[in-house]
Amino acid sequence: MTRANDLILRTTTSLIAFILLGFSVYLFFAGHNKPGGGFIGGLMAAAALVLMYMAYGLNAIRKVIRVNYLYMIFTGLIIAVGTGVGAFLFNAPFLTQNFGYFQLPILGRTELATALLFDLGVYLTVIGVTMTIILTVADDREES
């Protein structure tokens, strides 16, 4: 059975999901200097993915996005904890942040911080947890 608003929903989803993912990346990179970071960036990315699942259906998106979100959770946790434990290598307390300025080919002089790695772990964990919860509920709903 097709719904009357499927065409409109799918058309607008392409644009809105692109904007949400772009804003998610912006929030992720702005996080260690400004409000934002891995948590809110991960929620925005998960919102874009949920919108795509709603518009196109579970089976269609699972064919396109072949990601096991449970692995994403574990990868994110390993990155976040590894960032914290990495400080021990330099005789610093757990989760001590360090930063430096580097000359990168295209970006020029750029600040890189270990907080960015921690935010990456949080970002992946939040996407994984959010999508696992939502897809589990959706699978249960389809079965009944």
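To be clear, the structure that these remarks concern was listed above.
Residues numbered from 1 in each chain as written. Predicted model: local features only at pLDDT ≥ 70, side-chain atom pairs only at ≥ 80, totals over all residues. Heavy atoms only, no water.

(A) Representation of the environment of threonine 13 within the structure. Position of threonine 13 among the secondary structure elements: in helix α1 (residues 6-30). Expressed as a C-alpha distance, the spacing of threonine 13 and leucine 51, which sit 38 residues apart in the sequence, is 6.8 Å. Among all residues touching threonine 13, those that are not within four sequence positions of it are Phe18, Leu51, Met52, Ala55 and Tyr56. (Helix = DSSP H or I, 4+ residues; strand = E, 2+ residues; numbered from the N terminus. Contact = heavy atoms within 4.5 Å.)

(B) Main features of helix α4 (residues 69-86). With 18 residues, α4 ought to run about 26 Å at 1.5 Å a step, and its terminal C-alpha atoms sit 25 Å apart, in line with that. Along α4, the residues that are buried comprise Tyr69, Met72, Ile73, Gly76, Ala80, Thr83 and Gly84. One side of α4 carries all its buried residues, which in axial view fall inside an arc of 105°. Summarising the geometry of α4, the exposed residues directed more than 90 degrees from the buried face are Tyr71 and Ile78. One side-chain oxygen of the residue at the start of α4 lies 3.0 Å from the amide nitrogen of leucine 70, identifying that residue as asparagine 68. (Expected span 1.5 Å × (residues − 1). Buried < 20%, exposed > 50% of the residue type's maximum accessible area, 1.4 Å probe, protein only. Arc of directions from axis to C-beta. Polar contact = N/O pair within 3.5 Å; in protein donor to acceptor, adjacent residues only side chain to side chain.)

(C) Focus on the pairing of strand β2 (residues 108-113). Bridge analysis of strand β1 (residues 99-104) against β2 gives 6 bridges, and the strand direction is antiparallel. Opposite leucine 104, over in β2, you have glycine 108 as the bridge partner. Here β1 hands over to β2 after 3 residues, the two strands then running antiparallel side by side. (Pairing = 2+ DSSP bridges.)

(D) Region of the structure containing the side chain of threonine 130. Secondary-structure assignment places threonine 130 in helix α5 (residues 114-143). Of the residues examined, threonine 130 reaches a relative accessible area of 18% and is grouped as buried. A distance of 2.7 Å separates the side chain of threonine 130 from the backbone oxygen of valine 126, its partner in a polar contact.

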